[in-house]
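Structural description and commentary
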Amino acid sequence: MKNKSTSFWLFLAPTLMALLLVVFIPALVGLFYSFTNWDGLSFTNFVGWNNYLSLMSDKDFISAFWFTVKFVVVTVILLNVIGLGLALLVTQKFKGNNFLKTVFFMPNLIGGLILGFIWQFIFTEVFPALANNLGLNFLNGWLTNQATGFWGLVIVTVWQMGGYIMIIYIAYLQNIPDEIIEAAKIDGASAWQRFVNITFPMIAPAFTVCMFLTLSNGFKIYDQNLSLTNGGPYKSTQMLALNIVNTAYTENDFARAEAKAIIFFIIVASIALIQVYYNKKKEVDL
Amino acid sequence: MHLSKLKRFGYALAILGLGLTLTACGKKSSENDKVTISILQSKVESNKALKSIAKTYQKKHPNVEFKIQSIGGGTDYNPVLKTRISSGNAPTIFSLLGPADVIQFKKYAADLNGTKLAKLANKGTLDTVTDGGKVYGYPYNVEGYGFVYNKEVFEKAGIKPEELTTPDKFQEAVKQIDSKKDELGLDAVFATPGKEAWVFSDHLANLYLGQEFNGNSLKLYKSKSMKFTANQEMKDMLDLEMKYSVKPVMQVDYTSQVNKNFSEKKVAMVQQGNWIYSTIEGIDKDFANNGVGMMTIPVKGQEGKLPVGTSNYWAINNKKSDKEQKAAQDFLTWLYTSKEGKDLVVNKLHYVPAYKGYSDFKMPDALSQQVFNASQSGKVIGWSFPGYTGTPWDQNTMQPALQKYMSGKADWDQTVKTATDGWKKQQAEN
């Protein structure tokens, strides 16, 4: 037993070292800096909780926070509904389902920045062209105000991540033993009843995983935000991560950006963990 | 047999390699006058030209090596410089982008007061980088902006751009072009980029906001308040540019303004500077060379004056060895004052020179020529906006406020109040 624990730690050491060096130590250093007036080069004194207190009156930070929360709520729902829907679709037995799987997953292979620029072109060039030719007026002026900026971001995120969520659901869907479904069929359960009472509980672990991924991803989104709207117009579509980066690099207020990042981390971590805790409770074992 | 031959060949190669490294080492230690100038600079469009200039310089000065890195202007450059300084890999020559950078980095910048180049710099160009009697940078070049227009459109409409010196005359001309836009083949008079808030917060506002500071960016940077008395004039100009622009204004960005609309001749003019020449040239060379001109933005009391200035300065790292600093100094002096260097500055870097001694030069494009003429004749308005581009006020207060106004979410009085109050607040904190 003793032996096992030595080798256990030995094998773990490289990973732990890497984590220590690039995650834990920088996080602690960041925490330290958030109590100073660091400007990225040096700091002259400690300011206590001032950086944190100043966030309460930081309108941009607060509006970025609520914008992000709204975004997360919408994308978590849409991503899980669409991801599960696509998964159910491609696990049906029909010709071309493998091809569809690939197609749906494809957007996830494109980097967020490039995707943002591609969709920017679609929103600002293709949409107006469609609007003019088909008379669909709502396609005009996308990304020029908060509402269209918001939905633009949602569309891009869902389009990109939907396939990824689908893959996770597929893995769990394929793990459901055929016998149970068959037994339910023989007992006369309808397709809907089979889905609600068998499929859904069986894929609950997938739900936990996907909720976690979509939640944390939604909060952390940066590249799509940067390339699609860059927070504009008038900062109305600025999300938390972008706000933090801008605080550091355009306002040159690294210490306050650190404070924001710490708050951001606490929010994301606690929401994600609470979610995992509750969803874990719901999972069933065979 | 074959194999052993190959083996022998391998050995020979290895020994040869070893020998080479050894001699290389020997050479290095004996050549003590070797010096490496590392440059970190903020004008990406100059990257290629600068590298080739470095090669030219090396031919004459074989002891000098260059390491050149160029990082996109504005917000991207500053963090890289910071990172390089704090990681102990600071460059010999770096860029300063206005007073805010001067204050932040002057600890690392050598005092250039009294040097040959500083003496040759055009009047006023050093004001921005002078603090406490010390000069911290050399201007790269000067640039100018106004309304870049399509000559053919104005000819056909029978309007002479050089006569549009007052806001009223200008407005009249815009209306006239707008009424004829179908026969002139235009979509609109302007392409006004609502997405690029800097076009208005920096360039346009400079003309009205900068009046009380005499176009001196350092004065503005140090001022605790701004009056912005000419704000109504700015509103009129902004409204005009928006009203007669391709729509929706808030969807127009730089690419759409310059590449898609102006270069494709869909609009009569755009509010931009001589830096757009290369973009137009890339799309329509003939148009760029023969079809474009630049007129001044008409401002009351400033008739016929072009806003000419610079926001990029070369600084020399004072923490480096004397030898390295001298090499850097020599290189910059050679570039801007020697016969060969001057030619490279004008024809390779496409810079409008910010130094004396260029009077017999001809600029390679019409827009630069106009800036050069203005700068030579002194009919210029100074650039005061570098005094705030490096401060949070620009991107956090002024730009969002203007975009809000342009999207119809705020009225002008609110916009002006947000801007002036925001400046007061920022300056009080500093």
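Keep in mind it's a predicted model, so treat the numbers as computed, not measured. (Residues numbered from 1 in each chain as written. Chains lettered and ligands numbered in written order. Predicted model: local features only at pLDDT ≥ 70, side-chain atom pairs only at ≥ 80, totals over all residues. Heavy atoms only, no water.)

Let's talk about the domain arrangement of chain B
All names here are of chain B. Formally: What fixes the domain bounds is an automatic or database domain assignment. Contacts are residue-level and defined by heavy atoms, with any inter-residue pair within 4.5 Å sufficient. Take the accessible area each of two parts loses on contact, using a 1.4 Å probe, and add the two losses: that sum is the buried area. Each salt bridge in this description consists of a side-chain nitrogen of Lys or Arg and a carboxyl oxygen of Asp or Glu lying within 4 Å of one another. N or O atoms closer than or at 3.5 Å make up a polar contact, with two conditions inside protein: a donor-capable atom paired with an acceptor-capable one, and, for residues adjacent in sequence, both atoms drawn from side chains. Each helix is a run of H or I in the DSSP string that is no shorter than four residues. Each strand is a run of E no shorter than two, and both are numbered from the N terminus.
Along its sequence, chain B is organised into domain 1 (33-142 + 310-358) and domain 2 (144-309 + 381-429). Placing a centre on the C-alpha atoms of domain 1 and another on those of domain 2 gives a separation of 29 Å. Between domain 1 and domain 2, the residue contacts involve 15 residues of the former and 14 residues of the latter. With both sides pooled, the region where domain 1 packs onto domain 2 buries about 1,100 Å², and carbon together with sulfur makes up 59% of that total. Where domain 1 packs against domain 2, one counts one salt bridge. Ionic pairing is found between lysine 222 and aspartate 131, a salt bridge with its closest N-O pair at 3.0 Å. Remark: the boundary between domain 1 and domain 2 carries two residue pairs in polar contact (both at pLDDT 80 or more). Those elements that place two or more of their residues in the side of domain 1 that touches domain 2 are helix H4 (99-105) and strand E4 (130-131).

Observations regarding the pattern of salt bridges
Residue and element names in this part refer to chain B. Keep this limit in mind: Only protein chains enter the accessibility calculation, which uses a 1.4 Å probe; a residue whose area is less than 20% of its type maximum is buried, one above 50% is exposed, and one in between is partly exposed.
On inspection of all chains with the given rule, the structure shows 16 salt bridges over all chains. Between lysine 156 and glutamate 152 there is a salt bridge, with its nearest N and O atoms 3.4 Å apart. Residue lysine 156 and its partner glutamate 152 are located together in helix H6 (residues 151-157), separated by four residues, close to a single helical turn. By relative accessible area, lysine 156 is classed as exposed at 57%. The partner of lysine 181 in a salt bridge is aspartate 178, with the nearest N and O atoms 3.5 Å apart. Since its relative accessible area comes to 25%, lysine 181 is described here as partly exposed.

Remarks on the UniProt feature "transmembrane region" (unreviewed entry) in chain A
Residues and elements named next belong to chain A. Worth spelling out the cut-off: UniProt positions are given in the numbering used here, feature names are shortened, and annotations may be inferred rather than shown by experiment.
Here, UniProt's "transmembrane region" (unreviewed entry) annotation points to residues 7-33, 64-91, 103-130, 150-173, 194-215 and 261-278. As annotated, residues 103-130 comprises 79% helix and 0% strand, and the C-alpha atoms at either end are separated by 24 Å. With 100% helix and 0% strand, residues 150-173 has end C-alpha atoms that lie 32 Å from one another.

Observations regarding the environment of B:Leu402
Structurally, B:Leu402 is set in helix H19 (residues 392-406). Put simply, B:Leu402 and B:Ser368 are 34 residues apart on the chain and 29 Å apart in space, counted from C-alpha to C-alpha.

Some remarks on the packing of aromatic side chains
Geometry of an aromatic ring pair is reported as the spacing of the ring centres plus the angle between the planes. Note the cut-off: The criterion for an aromatic pair is that two Phe, Tyr or Trp rings (for Trp, the six-membered ring) have centres within 6.5 Å, with stacked assigned to planes under 30 degrees apart, edge-to-face to planes over 60 apart and tilted to the rest. Any Lys NZ or Arg CZ that is within 6 Å of a ring centre and within 35 degrees of that ring's normal is treated as a charge sitting over the ring.
Counted by the stated rule, this structure contains 47 aromatic pairs over all chains. Taking the centre distance of 5.2 Å and the plane angle of 85 degrees together, the rings of A:Tyr249 and A:Phe254 count as edge-to-face. When its relative accessible area of 36% is taken as the criterion, A:Tyr249 is described as partly exposed. Residue classification places A:Phe254 among the buried residues on the basis of a relative accessible area of 11%. Taken together, a centroid distance of 6.2 Å and an interplanar angle of 25 degrees make the contact between B:Phe331 and B:Trp334 stacked. Here B:Phe331 pairs with B:Trp334, and both are found in helix H15 (residues 322-337), just three residues apart, close to one helical turn. Across this residue pair, the class does not change: B:Phe331 and B:Trp334 are buried. Three or more aromatic residues joined by ring pairs make a cluster, and in this case those are A:Phe32, A:Tyr33, A:Trp38, A:Phe43, A:Phe46, A:Tyr249 and A:Phe254. We note B:Lys342 situated over the ring of B:Tyr358; from NZ or CZ to the ring centre the distance is 5.4 Å.

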